[in-house]
Amino acid sequence: MSPEVTEELIARQPLEAQAVIRILLARIDALEARLAAVTKTPQNSSLPPSTQHPHAKPSSSDSSAAASSKRKRGGQPGHVRHERTLIPIEQCDEVVVLKPKRCRSCGERLSGDDVQPWRHQVWEVPQPRPTVIEYQRHRLTCGCGQTTCADLPEGVPEHTSGPRLVALASLLMAACRQSKSRTAWVLTTLFGVPACAGLVVKLQRRATEALTPCYEELTATLPTAKVVACDETAMKEGRHKSWLWVAATAAYTVFAIRLTRAATVIEDLLGKNFRGIIGTDRYGGYNAFNRRRQICWAHLKRDFQALIDAGGEPRLIGDRLMKHLHEVFHHWHRYREGKIQRATMQRNILTIYYPLWETLEDGQQSAHAPTAALCRDLFQRFDQLWLFRDHAGVEPTNNRAERSLRHAVIWRKLSHGTQSASGSRFVETLLSVIETCRQQQRDAFDFLTAATEAKQSNKPAPRLLCGA
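To start, this report covers the structure provided alongside it.

What counts, and where the lines are drawn
Residues numbered from 1 in each chain as written. Predicted model: local features only at pLDDT ≥ 70, side-chain atom pairs only at ≥ 80, totals over all residues. Heavy atoms only, no water. Helix = DSSP H or I, 4+ residues; strand = E, 2+ residues; numbered from the N terminus. Buried < 20%, exposed > 50% of the residue type's maximum accessible area, 1.4 Å probe, protein only. Contact = heavy atoms within 4.5 Å. Axes fitted to C-alpha atoms, helices over the stretch in contact; angles between N-to-C directions. Parallel < 35°, antiparallel > 145°, perpendicular 65-115°, else oblique. Left-handed = near helix turned anticlockwise from the far one by under 90°. Nonpolar A, V, L, I, M, F, W, Y, C, P; charged D, E, K, R; others polar. Salt bridge = Lys/Arg side-chain N within 4 Å of Asp/Glu carboxyl O. Phe/Tyr/Trp six-rings, centres within 6.5 Å; stacked < 30°, edge-to-face > 60°. Pairing = 2+ DSSP bridges.

1. Re the side chain of Q456
Consideration 1: Locating Q456 in the fold gives a position in helix α16 (residues 444–456).
Consideration 2: The class of Q456 is buried, set by a relative accessible area of 16%.
Consideration 3: Look past the residues within four positions of Q456 in its chain and what remains in contact with it is G155, P157, H159, S161, G162 and P163.

2. Digging into the packing of helix α9 (residues 312–336) against helix α11 (residues 353–364)
Consideration 1: Interaxial distance between α9 and α11 falls to 10 Å at its minimum, and their mutual angle equals 160°. In this view, α9 runs roughly antiparallel relative to α11, as classed from their interaxial angle. When you trace α9 past α11, the crossing you get is left-handed. Every residue of α11 that contacts α9 at I317, R320, L321 and H324 is listed here: P355, L356, E358, T359, L360, D362 and G363.
Consideration 2: Its residues placed into classes, the contact of α9 with α11 shows five nonpolar, three polar and three charged.

3. Some details on the pattern of salt bridges
Side chains bearing opposite charge may pair, as long as their charged atoms lie close to each other.
Consideration 1: Under the definition given, this model contains 14 salt bridges.
Consideration 2: A salt bridge links R425 to E428, with the shortest nitrogen-to-oxygen separation between them at 2.6 Å. Note that R425 and E428 are positioned in helix α15 (residues 421–439) at a spacing of three residues, about one turn of the helix.
Consideration 3: Note on E428: relative accessible area 4%, which makes it buried.
Consideration 4: Where R438 meets E435, a salt bridge forms, and the shortest distance between an N and an O atom there is 2.6 Å. Placement of the pair is R438 and E435 together in helix α15, with a separation of three residues, close to one helical turn.
Consideration 5: Residues participating in the shared-partner salt-bridge network are R282, D303, D377 and R381.

4. Describing the packing of aromatic side chains
Consideration 1: For the structure shown, the criterion picks out eleven aromatic pairs.
Consideration 2: When the ring of F274 is compared with that of F289, the centres are 6.0 Å apart and the planes differ by 85°; the resulting orientation is edge-to-face. One end of the pair, F274, is in the loop between α7 (264–270) and β6 (277–280); the other, F289, is in the loop between β6 and β7 (293–295), with 15 residues separating them in the sequence.
Consideration 3: Relative accessible area serves as the criterion here: at 7%, F274 is assigned to the buried category.
Consideration 4: The exposure class of F289 is buried, given its relative accessible area of 11%.

5. Considering the sheet that holds strand β5 (residues 253–258)
Consideration 1: A sheet is described by the order of its strands in space; here five strands give the open sequence β5-β4-β3-β6-β7, paired in mixed fashion. The sheet terminates laterally at β5 and β7, the two strands that pair on one side only. Adjacent strand axes in the sheet meet at a mean angle of 25° when their direction is disregarded.
Consideration 2: In this sheet, strand β4 (residues 240–248) lies alongside strand β3 (residues 227–237) in antiparallel orientation, the contact comprising nine bridges. The residue of β4 that forms the bridge with M235 is S242.

Remember, this is a structural readout, not a statement about activity or role.
Pasting the structure below:
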């Protein structure tokens, strides 16, 4: 029944009955909202997709979307085929020439060469074997009675682990999400390096020391960024609750683990003189940047879906809000795919302003408290919805931060957090370096090795940004 019909029926009742009916209707809406909150899904809340079984039947709200997709699994028609191409013959470690001795039909002997033989290459990994170098430091005694010991060559560490071993152990823990005991097992079993959990802890600390200048380079550059996508997720440091923050730009990413979710964290990372634009969800910790803040429309989609799932009056507002959201993404995707010019996209987006404004005004009058609160908040943040329209490089979603944080969230679920502040420094440093290397299409293992070598040789750490 529509709200107009409901109000008409209520108006026919005595005044005393009207008040009671409205109280009961409000209570029904509140109970329906509580019922909807019990059945939260990744589509209508902040629950991660991993909380829903991949083979679970779709709910009524998204069954139509699931039914509309008839694509088969795997590569679609027109998909570019990916296969391992043959490398030049001179790059092969060994070439085996095979010639048939007799004709497969008549058995006659065969001779000669095939000008273009069929090339079949088999790839194999070498048997891992560590390289062990022994340095024999002689102690010689002078005639004066003084004993002198030979120094180690420059770059040779005083401990027993080389740069590549430090880099490998670090990547196993940070990029491959292995525990310290499992990392020690991999080093011993696959690479023949005697290792235990205690040694892995030492390698972790050496990697952090070697990469600290690179991490500081990122944090020093972040306040000058023009566009930053920000997000945070809860984790643990020992027995204390902590939060993993991420600030991602197009060229680099900074992770930071802090024992608080307070706004001071992001303010310290971006600095007081930050003049760029940040993309975030609606979390109040970013309110200090409201004048330069783009609210994520993908997060709003979940909020709107929650209203639709609540039913009743909230569903009417939710349907209207979802319609505006689909229009925004329709014009944005056409622009991003090159189908329309930016000026056209800007004109099209402008036509959504007033209808959305009107919907938010109506939603604030709702007797359903969550609906009124959401519409009131978006009404106050209205200007924060459209920065992507007027500023190049700004997107309507916070996907860059979400993608950067995804690997870290999986790591957190497997490790259950860190055990100390030292472990937190390792995680934030390694995650920042690895993600930045990925963004810049650089080899993370080579970079970690080079940074460790520089640390052992007392040389400056390699530049991570490369002028970015």
